[in-house]
Amino acid sequence: MTVLVTGGAGYIGSHMVLELIRKDYDVVIIDSLEKGHEESIKKSKLYVGNLRDGKLLDKVFTENKIDGVIHFAAYSLVGESVKNPSIYYENNIESTRVLLDAMIRHDCFKIVFSSSAAVYGSPTTDLIGEDELTNPTNTYGETKLVMEKMMKRYEIAYGLKYVALRYFNAAGADLSGEIGEVHNPESHLIPLVLDVALGKREKINIFGGDYETKDGTCIRDYIHVTDLCSAHLLALQYLNNHRESNVFNLGNGVGYSVLEVVDMVERVTNIPIEREIVEKRDGDPPVLVASSQKAKEILGWCPKYNELEKIIETAWSFKKNYPNGYKEK
Ligand code: UDP
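These figures come from a predicted structure and were not determined experimentally.

A. The arrangement of the layout of surface pockets in detail. Empty space within the second largest pocket amounts to approximately 310 Å³. Val182, His183, Lys200, Asn324 and Gly325 are, among the 17 residues lining the second largest pocket, the residues nearest its centre. Along the lines of polarity and charge, the residues of the lining of the second largest pocket split into five nonpolar, five polar and seven charged.

B. Quick peek at empty space enclosed by the protein. As enumerated under the stated definition, the model contains two cavities of 30 Å³ or more in all. Here the largest cavity defines a volume of roughly 60 Å³. Lining the largest cavity are Gly172, Ala173, Gly180, Glu181, Pro191, Leu194, Ala315, Phe318 and Lys319. At the level of elements, helix H6 (189-197) and helix H10 (308-321) are the ones that each hand at least two residues to the lining of the largest cavity. When residues in the lining of the largest cavity are grouped by element, the largest group, three residues, is from H10. Tallied by class, residues from the lining of the largest cavity come to five nonpolar, two polar and two charged. Taken together, Ser14, Val17, Leu18, Ile21, Ser40, Ile41 and Lys42 make up the lining of the second largest cavity. Across the lining of the second largest cavity, the residue classes break down as four nonpolar, two polar and one charged.

C. Representation of the packing of helix H8 (residues 258-269) against H10 within the structure. Between H8 and H10, whose axes approach to 10 Å, the crossing angle comes to 60°. Taken as axis vectors, H8 and H10 run oblique relative to one another. H8 and H10 meet at a crossing whose hand is right-handed. Across the interface between the two elements, Glu260, Val261, Met264, Val265, Val268 and Thr269 of H8 pack against Leu308, Glu309, Ile312, Glu313 and Trp316 of H10. Residue composition of the contact of H8 with H10, by class: seven nonpolar, one polar and three charged.

D. Quick peek at the sheet that holds strand E12 (residues 256-257). Spatially, E12-E9-E14 is the arrangement adopted by the three strands of the open sheet, whose pairing is mixed. Here the strands that pair on one side only, and so sit at the sheet edges, are E12 and strand E14 (287-288). Note that strand E9 (residues 219-220) and E14 share two bridges and pair parallel. Bridged to arginine 220 within E14 is leucine 288.

E. Structural context of the site of the ligand. Near the ligand, the surroundings consist of 16 residues, among which Leu189, Asn205, Phe207, Arg281 and Asp284 are the closest. Contact distances for the ligand include 2.9 Å between an oxygen atom and a side-chain N or O atom of asparagine 169. Leucine 189 is positioned with one of its backbone polar atoms (N or O) 2.9 Å from an oxygen atom of the ligand. For the ligand, whose accessible area on its own is 510 Å², the fraction buried by protein is 89%. With four residues, the single largest contributor to the shell around the ligand is strand E8 (residues 204-207). Its residues assigned to classes, the shell around the ligand shows nine nonpolar, four polar and three charged.

F. Summary view of helix H2 (residues 54-63). Of the positions making up H2, those classed as buried are Leu56, Leu57, Val60 and Phe61. An end-on view of H2 places all buried positions within 130° of arc, on one side of the element. Among the exposed residues of H2, those pointing more than 90 degrees away from its buried face are Lys55 and Thr62. The secondary structure elements touched by the buried residues of H2 are strand E1 (2-6), strand E2 (26-31), strand E3 (45-48), strand E4 (68-71) and helix H4 (85-105). The backbone nitrogen of lysine 55 lies 3.2 Å from a side-chain oxygen of the residue at the head of H2, namely aspartate 53.

What counts and how
- Residues numbered from 1 in each chain as written.
- Predicted model: local features only at pLDDT ≥ 70, side-chain atom pairs only at ≥ 80, totals over all residues.
- Heavy atoms only, no water.
- 1 Å grid on protein atoms, 1.4 Å probe; cavity = no way out; pocket = protein on both sides within 12 Å on 5 of 7 lines; lining within 4 Å.
- Points joined across faces, edges and corners; volume = space filled by probe spheres on them.
- Nonpolar A, V, L, I, M, F, W, Y, C, P; charged D, E, K, R; others polar.
- Helix = DSSP H or I, 4+ residues; strand = E, 2+ residues; numbered from the N terminus.
- Axes fitted to C-alpha atoms, helices over the stretch in contact; angles between N-to-C directions.
- Parallel < 35°, antiparallel > 145°, perpendicular 65-115°, else oblique.
- Left-handed = near helix turned anticlockwise from the far one by under 90°.
- Contact = heavy atoms within 4.5 Å.
- Pairing = 2+ DSSP bridges.
- Near = heavy atom within 4 Å.
- Polar contact = N/O pair within 3.5 Å; in protein donor to acceptor, adjacent residues only side chain to side chain.
- Areas by Shrake-Rupley, 256 points an atom, 1.4 Å probe, with all protein chains shown as cover.
- Buried < 20%, exposed > 50% of the residue type's maximum accessible area, 1.4 Å probe, protein only.
- Arc of directions from axis to C-beta.

Take a look at the structure:
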């Protein structure tokens, strides 16, 4: 089976490509390399270009018999999306429209979509289920919700089948230590705290210390990137079995505060981490924790690396191997 992975050179995409190859799928990647890293993908066919380029997509679908698509390519920074909504509408929503149109033109009707917990906004329930009201608090989350709705409309119009996977906080790195999380500039919590451990940053700024949470800092549900990938494989199989379109949350069901993450990095690395509470970040919901019961029951998903300690250990191994990202080992 040949799978097209959009954004396959990005953080989650590159781990997905590796898992697909390990499971003997043929993989074709399209990535603009604006944020992705060519060094993170091995043994697969890469088309460099923008998803909004319908002609490039025609070439990809003509040159390869694509059986299904896993769609990661998107901008994904909450703070940036609030400050600059236009590029999120263009790069996330418009790109997805062009991709879906190309799929229909080339008779490809299966797509696994990288959605986000950000579609929910700021729910008040302890464990967020898929039926929770969707009310995004930031542009990023709104674009993910619109993309889900687009797929639903394409299902009605053309028979497209989709699985939308709403991830909570992707974290960690492949156990090989050879690929991991590299953003430039970095904005995600765990790699930033690890940079403090490496001595590349002086301290970690904690965005807000007076949320109504156990220690005043935001709570998130961290899920290992390889566990996310195993859910995508199961979602592909689910679509191959001609099942209905569906939406699943992916998380561990356990929330950790920002301070708990920083403390865990200290424990794993054995290095003291300087921290400072600073202003809240725009659009940040106080608590996001998943119920992934549905993915477990329907997809048979079983996350393997669900301890925060393990997640941080794998991220730390990668950071130590590639302290300056992929370019300079
Ligand atoms: N965070 C923080 N300092 C940072 C980066 C992130 O306090 O330098 C917090 C952020 O407010 C959020 C959590 O860490 O509560 C996870 O943020 P991240 O950007 O990693 O993922 P997000 O939750 O935005 O998807």
